[in-house]
Amino acid sequence: MSYSDPYTTFQPPAYQAPPPSRALARVFSGLLGLVLTPVALGLLAAGGYRQQVIVMEAFAARRDALGIALMAAGAILLLGVAALGAWSSSGPLLGGVVWGVLPGVIALAMPEWGLDLLNVLPHGGLSFGLTSWLFSGALLAAGFLLVGTGLATTVARRRPGR
(Lines give C-alpha, C1' and ligand atoms only; values in the text may rest on other atoms or scores of the structure.)
Protein backbone atom coordinates (compact mmCIF):
# COMPACT_ATOMS: atom_id res chain seq x y z
CA MET A 1 0.00 0.00 0.00
CA SER A 2 1.40 3.38 -0.88
CA TYR A 3 0.62 6.67 0.72
CA SER A 4 0.82 10.05 -0.96
CA ASP A 5 3.43 12.41 0.26
CA PRO A 6 1.60 15.04 2.42
CA TYR A 7 4.07 17.75 1.50
CA THR A 8 3.67 17.64 -2.24
CA THR A 9 0.68 20.00 -2.25
CA PHE A 10 2.08 22.43 0.30
CA GLN A 11 3.08 25.77 -1.16
CA PRO A 12 4.97 28.17 1.10
CA PRO A 13 3.32 31.59 1.38
CA ALA A 14 4.59 34.20 -1.02
CA TYR A 15 6.81 36.90 0.37
CA GLN A 16 4.82 39.93 1.45
CA ALA A 17 6.68 43.19 1.60
CA PRO A 18 5.98 45.32 4.65
CA PRO A 19 3.42 48.05 4.01
CA PRO A 20 4.88 51.38 2.96
CA SER A 21 5.39 53.98 5.65
CA ARG A 22 2.46 56.33 6.21
CA ALA A 23 4.65 58.99 7.85
CA LEU A 24 4.73 61.26 4.80
CA ALA A 25 0.95 61.03 4.37
CA ARG A 26 0.40 61.84 8.05
CA VAL A 27 2.74 64.83 8.04
CA PHE A 28 1.45 66.23 4.75
CA SER A 29 -2.21 65.73 5.72
CA GLY A 30 -1.59 67.31 9.12
CA LEU A 31 0.11 70.35 7.60
CA LEU A 32 -2.64 70.81 5.02
CA GLY A 33 -5.26 70.50 7.75
CA LEU A 34 -3.51 73.15 9.83
CA VAL A 35 -3.17 75.52 6.86
CA LEU A 36 -6.48 75.04 5.04
CA THR A 37 -8.83 74.94 8.05
CA PRO A 38 -8.32 78.55 9.20
CA VAL A 39 -8.54 79.76 5.60
CA ALA A 40 -11.83 77.89 5.12
CA LEU A 41 -13.28 79.08 8.42
CA GLY A 42 -12.17 82.65 7.69
CA LEU A 43 -13.81 82.61 4.27
CA LEU A 44 -17.02 81.22 5.73
CA ALA A 45 -17.05 83.80 8.52
CA ALA A 46 -16.23 86.78 6.29
CA GLY A 47 -18.75 85.75 3.63
CA GLY A 48 -21.41 85.12 6.25
CA TYR A 49 -20.80 88.52 7.81
CA ARG A 50 -21.09 90.27 4.44
CA GLN A 51 -24.34 88.46 3.73
CA GLN A 52 -25.66 89.24 7.23
CA VAL A 53 -24.89 92.95 6.84
CA ILE A 54 -26.71 93.13 3.50
CA VAL A 55 -29.81 91.46 4.91
CA MET A 56 -29.80 93.52 8.11
CA GLU A 57 -29.26 96.87 6.38
CA ALA A 58 -32.49 96.87 4.46
CA PHE A 59 -34.26 93.67 5.43
CA ALA A 60 -34.24 93.12 1.72
CA ALA A 61 -33.72 90.10 -0.37
CA ARG A 62 -30.59 91.56 -1.95
CA ARG A 63 -27.60 89.33 -2.27
CA ASP A 64 -23.90 89.93 -1.97
CA ALA A 65 -22.21 87.90 -4.69
CA LEU A 66 -18.78 88.21 -3.07
CA GLY A 67 -20.14 87.09 0.30
CA ILE A 68 -21.81 84.08 -1.28
CA ALA A 69 -18.62 83.24 -3.21
CA LEU A 70 -16.54 83.48 -0.01
CA MET A 71 -18.92 81.15 1.83
CA ALA A 72 -18.91 78.67 -1.05
CA ALA A 73 -15.09 78.73 -1.23
CA GLY A 74 -14.84 78.23 2.53
CA ALA A 75 -17.28 75.33 2.45
CA ILE A 76 -15.37 73.67 -0.41
CA LEU A 77 -12.05 74.10 1.43
CA LEU A 78 -13.58 72.62 4.58
CA LEU A 79 -14.80 69.69 2.50
CA GLY A 80 -11.23 69.31 1.24
CA VAL A 81 -9.90 69.24 4.81
CA ALA A 82 -12.44 66.55 5.68
CA ALA A 83 -11.46 64.61 2.54
CA LEU A 84 -7.82 64.64 3.70
CA GLY A 85 -9.01 61.97 6.13
CA ALA A 86 -8.99 59.47 3.27
CA TRP A 87 -5.24 60.00 3.04
CA SER A 88 -4.50 60.36 6.76
CA SER A 89 -6.75 61.31 9.64
CA SER A 90 -4.17 63.75 11.03
CA GLY A 91 -5.38 66.55 8.71
CA PRO A 92 -8.98 66.78 9.93
CA LEU A 93 -7.97 65.94 13.51
CA LEU A 94 -5.32 68.66 13.79
CA GLY A 95 -7.33 71.24 11.87
CA GLY A 96 -10.43 70.56 13.94
CA VAL A 97 -8.69 70.64 17.32
CA VAL A 98 -6.36 73.59 16.71
CA TRP A 99 -8.70 75.86 14.74
CA GLY A 100 -12.14 74.81 16.01
CA VAL A 101 -12.31 72.98 19.32
CA LEU A 102 -9.61 74.85 21.27
CA PRO A 103 -10.69 78.41 20.31
CA GLY A 104 -14.34 77.44 20.77
CA VAL A 105 -13.79 76.02 24.25
CA ILE A 106 -11.64 79.00 25.24
CA ALA A 107 -14.26 81.49 24.05
CA LEU A 108 -17.15 79.73 25.74
CA ALA A 109 -15.31 79.06 29.03
CA MET A 110 -13.41 82.36 29.23
CA PRO A 111 -14.96 84.99 26.91
CA GLU A 112 -12.30 87.60 27.70
CA TRP A 113 -9.63 85.24 26.32
CA GLY A 114 -11.78 84.76 23.23
CA LEU A 115 -11.80 88.54 22.72
CA ASP A 116 -8.03 88.59 23.19
CA LEU A 117 -7.74 85.94 20.45
CA LEU A 118 -9.80 88.11 18.11
CA ASN A 119 -7.71 91.22 18.82
CA VAL A 120 -4.86 89.54 16.95
CA LEU A 121 -6.83 89.91 13.70
CA PRO A 122 -7.22 93.20 11.83
CA HIS A 123 -10.63 94.76 12.43
CA GLY A 124 -13.09 94.30 9.61
CA GLY A 125 -15.48 91.78 8.13
CA LEU A 126 -13.25 88.81 8.93
CA SER A 127 -12.91 89.59 12.64
CA PHE A 128 -16.60 90.49 12.96
CA GLY A 129 -17.61 87.28 11.21
CA LEU A 130 -15.28 85.19 13.37
CA THR A 131 -16.65 86.88 16.48
CA SER A 132 -20.10 85.66 15.53
CA TRP A 133 -18.81 82.14 14.82
CA LEU A 134 -16.67 82.03 17.94
CA PHE A 135 -19.25 83.14 20.49
CA SER A 136 -22.22 81.34 18.95
CA GLY A 137 -20.47 77.96 19.17
CA ALA A 138 -20.37 77.48 15.39
CA LEU A 139 -16.56 77.36 15.39
CA LEU A 140 -16.67 74.73 18.14
CA ALA A 141 -19.19 72.71 16.15
CA ALA A 142 -17.12 72.90 12.95
CA GLY A 143 -14.07 71.76 14.93
CA PHE A 144 -15.93 68.80 16.40
CA LEU A 145 -17.21 67.84 12.94
CA LEU A 146 -13.64 67.78 11.61
CA VAL A 147 -12.46 65.78 14.63
CA GLY A 148 -15.34 63.36 14.06
CA THR A 149 -14.33 63.01 10.42
CA GLY A 150 -10.76 62.21 11.43
CA LEU A 151 -11.87 59.64 14.00
CA ALA A 152 -14.32 58.03 11.57
CA THR A 153 -11.65 57.64 8.89
CA THR A 154 -9.28 56.12 11.46
CA VAL A 155 -11.90 53.58 12.54
CA ALA A 156 -12.83 52.78 8.94
CA ARG A 157 -9.19 52.29 7.98
CA ARG A 158 -8.59 49.87 10.87
CA ARG A 159 -11.77 47.87 10.34
CA PRO A 160 -10.99 44.22 9.61
CA GLY A 161 -12.00 42.79 6.27
CA ARG A 162 -11.75 46.08 4.50
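Residues numbered from 1 in each chain as written. Predicted model: local features only at pLDDT ≥ 70, side-chain atom pairs only at ≥ 80, totals over all residues. Heavy atoms only, no water.

1. Some remarks on the layout of surface pockets
When its volume is computed, the largest pocket comes out at roughly 360 Å³. Forming the boundary of the largest pocket are 13 residues, of which Pro38, Trp99, Leu121, Leu130 and Leu139 lie nearest the centre. Of all the elements in the fold, those that place two or more residues in the lining of the largest pocket are helix H1 (23-58), helix H3 (90-109), helix H4 (111-118) and helix H5 (125-136). Of the residues assigned to the lining of the largest pocket, the class counts are 12 nonpolar, one polar and no charged. (1 Å grid on protein atoms, 1.4 Å probe; cavity = no way out; pocket = protein on both sides within 12 Å on 5 of 7 lines; lining within 4 Å. Points joined across faces, edges and corners; volume = space filled by probe spheres on them. Helix = DSSP H or I, 4+ residues; strand = E, 2+ residues; numbered from the N terminus. Nonpolar A, V, L, I, M, F, W, Y, C, P; charged D, E, K, R; others polar.)

2. Comments concerning the side chain of Ser88
Tracing the chain through its elements places Ser88 in the loop between helix H2 (65-83) and H3. What Ser88 contacts, discounting residues up to four positions off in sequence, is Arg22, Ala25, Arg26, Ser29 and Arg157. (Contact = heavy atoms within 4.5 Å.)

3. Some details on the packing of H3 against helix H6 (residues 138-158)
Two elements in contact, H3 and H6, have axes whose closest approach is 7 Å; the angle formed by their N-to-C orientations is 150°. The orientation of H3 relative to H6 falls into the category roughly antiparallel. Where H3 crosses over H6, the handedness of that crossing is left-handed. Across the interface between the two elements, Pro92, Leu93, Gly95, Gly96, Val97, Trp99, Gly100, Val101, Pro103, Gly104, Val105 and Leu108 of H3 pack against Leu139, Leu140, Gly143, Phe144, Leu146, Val147, Thr149, Gly150 and Leu151 of H6. (Axes fitted to C-alpha atoms, helices over the stretch in contact; angles between N-to-C directions. Parallel < 35°, antiparallel > 145°, perpendicular 65-115°, else oblique. Left-handed = near helix turned anticlockwise from the far one by under 90°.)

4. A short note on a nonpolar patch on the surface
Among the surface-exposed residues, Leu94, Val97, Val98, Trp99 and Leu102 lie close enough to one another that they form a single nonpolar patch of about 380 Å² accessible area. Note that Val98 resides in helix H3. Overall, Val98 belongs to the partly exposed group, its relative accessible area being 32%. (Patch = residues over 30% accessible without salt bridge, like charges linked within 9 Å, V, L, I, M, F, W, Y side chains within 5 Å. Areas by Shrake-Rupley, 256 points an atom, 1.4 Å probe, with all protein chains shown as cover. Salt bridge = Lys/Arg side-chain N within 4 Å of Asp/Glu carboxyl O. Buried < 20%, exposed > 50% of the residue type's maximum accessible area, 1.4 Å probe, protein only.)

5. Quick notes on the packing of aromatic side chains
One pair of aromatic rings is described through two measures. These are the centre distance and the angle between the planes. This structure, assessed with the given rule, holds two aromatic pairs. Taking the centre distance of 5.2 Å and the plane angle of 75° together, the rings of Phe28 and Trp87 count as edge-to-face. Taken as a pair, Phe28 in helix H1 and Trp87 in the loop between H2 and H3 lie far apart in primary sequence, 59 residues in all. Judged by relative accessible area, which is 41%, Phe28 ranks as partly exposed. Its relative accessible area of 38% is what places Trp87 among the partly exposed residues. (Phe/Tyr/Trp six-rings, centres within 6.5 Å; stacked < 30°, edge-to-face > 60°.)

6. Describing the nonpolar core
The biggest cluster of nonpolar side chains holds 14 residues, and the ones touching the most others in it are Leu41, Leu78, Trp133, Leu134 and Leu139. Listed by contribution, the elements that provide at least two residues to this core are H1, H2, H5 and H6. With four residues, H1 is the largest single contributor of residues to this core. The residues contacting Leu134, other than those within four sequence positions of it, are Pro103, Gly104, Ala107, Leu108, Gly114, Leu118 and Leu139. (Core = buried A, V, L, I, M, F, W, Y, C linked by side-chain atoms within 4.5 Å.)

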